[in-house]
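Listed below are the residues making up each chain.
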Amino acid sequence: MALRPVHVNIKALDPAAVGRFWAEALGWTAYSPGVTTYVGPGGGLVWPDPVALGIDVVPVPEPRTATKNRVHLDLATTSAAHQRELVARLRSLGATPAHVGQGDVPWTVLADPEGNEFCVLEPRKTYRDTGPIAVVVVDCADPRAMARFWGEATDWTLHEVTDDHAVLRSAKGAGPYLEFLRTPGVKTVHVPDRLHLDLLPYPGDDKAAEVARLRALGAGDLDLGQGDVPWTCLTDPEGHEFCVLAPS
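Criteria and cut-off values
- Residues numbered from 1 in each chain as written.
- Predicted model: local features only at pLDDT ≥ 70, side-chain atom pairs only at ≥ 80, totals over all residues.
- Heavy atoms only, no water.
- Helix = DSSP H or I, 4+ residues; strand = E, 2+ residues; numbered from the N terminus.
- Rg over C-alpha atoms; globule rule 2.2 N^0.38 Å.
- Buried < 20%, exposed > 50% of the residue type's maximum accessible area, 1.4 Å probe, protein only.
- Contact = heavy atoms within 4.5 Å.
- Areas by Shrake-Rupley, 256 points an atom, 1.4 Å probe, with all protein chains shown as cover.
- Lys, Arg positive; Asp, Glu negative; His and termini not counted.
- Charge placed at Lys NZ, Arg CZ, Asp CG, Glu CD.
- Axes fitted to C-alpha atoms, helices over the stretch in contact; angles between N-to-C directions.
- Parallel < 35°, antiparallel > 145°, perpendicular 65-115°, else oblique.
- Left-handed = near helix turned anticlockwise from the far one by under 90°.
- Nonpolar A, V, L, I, M, F, W, Y, C, P; charged D, E, K, R; others polar.
- Polar contact = N/O pair within 3.5 Å; in protein donor to acceptor, adjacent residues only side chain to side chain.
- Core = buried A, V, L, I, M, F, W, Y, C linked by side-chain atoms within 4.5 Å.
- Pairing = 2+ DSSP bridges.
- Salt bridge = Lys/Arg side-chain N within 4 Å of Asp/Glu carboxyl O.

What am I meant to see in the overall build of the chain here?
Helix and strand content of the chain: 4 helices and 16 strands. A compact globule built from 248 residues would reach a C-alpha radius of gyration of about 18 Å, and the chain, at 17 Å, matches this within 12%. Dimensions of the chain, computed from C-alpha atoms along their principal axes, come out at roughly 50 × 40 × 35 Å. When the 248 residues of the chain are sorted by exposure, 49% land in the buried category. Considering only contacts in the chain between residues 6 or more positions apart, those separated by 24 or more positions represent 63%. Surface summary for the chain: the accessible area is close to 11400 Å², and the carbon and sulfur share equals 55%. When the 22 positive and 32 negative side-chain charges of the chain are each reduced to one mean point, those points stand 4 Å apart.

Structural data, given as structure tokens:
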């Protein structure tokens, strides 16, 4: 048994506006199947997408705090000119420069209209086939521990693990990477995450059994006031939120 990451969940005061921003940023389409705004490749809503990791923007009443997010997206570019053009286009869409102590680096750090940080990377061969989202980056204290948990939790393949980072990717060899990056001073107790991953069982797999398996691996239960909902909110061993969705 294993779960598949299906999208990045972003909490927003104005999910329609944040969804429009990310749709324009990625060259995708914003869909509104219900109270959330889902952002995925154009051509009609397909969920779960067989390749891409979509974005699901959900409404919340609380504004983002000034604390740096523990999860952010890195966007891929194909050339230096593409990187410059993408940064300029994102600025015109409402992105603003963000300072997270990055210093003099070849990538550009920006924030979306509600202050969520993301990076526009310089061109890298590793990310030439990922699509517009190159990496979902998770700040953590212990990448090796995160690799053990997430490697068991999902069906993604572990590509690299060191004391400083761990990298996973879909076994299909498509879509973005998931990187756990050792970050000094990162909080390992639960604080509300503005971005998190949502996981989905495969058809025929039992959601309750999957949740029990995750708890045995070290996942904790999480009460966000969600009430009686078909998904289950959990935290990984360092307190990062994630949800296990119900097959539909």
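Back to the text.
Looking at this structure, I do not really get the packing of helix α3 (residues 143-153) against helix α4 (residues 207-217). What am I missing?
Any two packed helices are characterised by the angle at which their axes cross and by the distance between the axes. Viewed as axis vectors pointing N to C, α3 and α4 meet at an angle of 165°, and their least axial separation amounts to 10 Å. Compared by their axis directions, α3 and α4 come out roughly antiparallel. When you trace α3 past α4, the crossing you get is right-handed. Contacts from F149, E152 and A153 in α3 reach R213, L214 and L217 in α4. Residue composition of the contact of α3 with α4, by class: 4 nonpolar, no polar and 2 charged.

I would appreciate a short explanation of the environment of N116 in the present structure.
Positionally, N116 belongs in the loop between β7 (108-111) and β8 (117-120). N116 sits 78 residues away from R194 along the chain, and the two C-alpha atoms are 7.8 Å apart. Each residue touching N116, except ones within four places of it in the same chain, is listed here: I10, R64, N69, L110, A111, R194 and L195. Polar side-chain contacts of N116 include one of 2.9 Å to the side chain of N69.

So what exactly am I meant to see when it comes to the nonpolar core here?
Buried together is how nonpolar side chains tend to be arranged in soluble globular proteins. Judged by nonpolar contacts, the single largest core of 49 residues is most densely connected at W22, I55, L90, F118, F180, L214 and F242. With 6 residues, the top contributor of residues to this core is helix α1 (residues 15-26). Grouped together as the second largest cluster of nonpolar side chains are 12 residues, C119, Y127, V135 and V137 included.

I'm lost on the sheet that holds strand β9 (residues 133-140) in this one. Help?
Pairing between the strands of a sheet is mediated by backbone hydrogen bonds and can be parallel or antiparallel. Overall, mixed pairing links the 8 strands, which are arranged β6-β7-β8-β5-β9-β12-β11-β10 in an open sheet. Looking at which strands have only one partner, the edges of the open sheet turn out to be β6 (96-97) and β10 (157-161). Where β7 lies against β8, 4 bridges are found, and the strand directions are antiparallel. Bridge pairing links L110 to F118 in β8.

Please explain the pattern of salt bridges as it appears in this structure.
Pairs can form between side chains of opposite charge whenever their charged atoms are close. Inspection of the entire model under this criterion finds 11 salt bridges. The salt bridge involving R70 is made with D193; its shortest N-O contact spans 3.0 Å. Of the two residues, R70 is situated in the loop between β4 (54-59) and β5 (71-75) and D193 in the loop between β12 (177-182) and β13 (195-201); the sequence distance between them amounts to 123 residues. On the basis of relative accessible area, R70 is assigned to the buried category, the value being 6%. A salt bridge links D129 to R169; its shortest N-O distance comes to 3.2 Å. Of the two residues, D129 is situated in the loop between β8 and β9 and R169 in strand β11 (residues 165-169); the sequence distance between them amounts to 40 residues.

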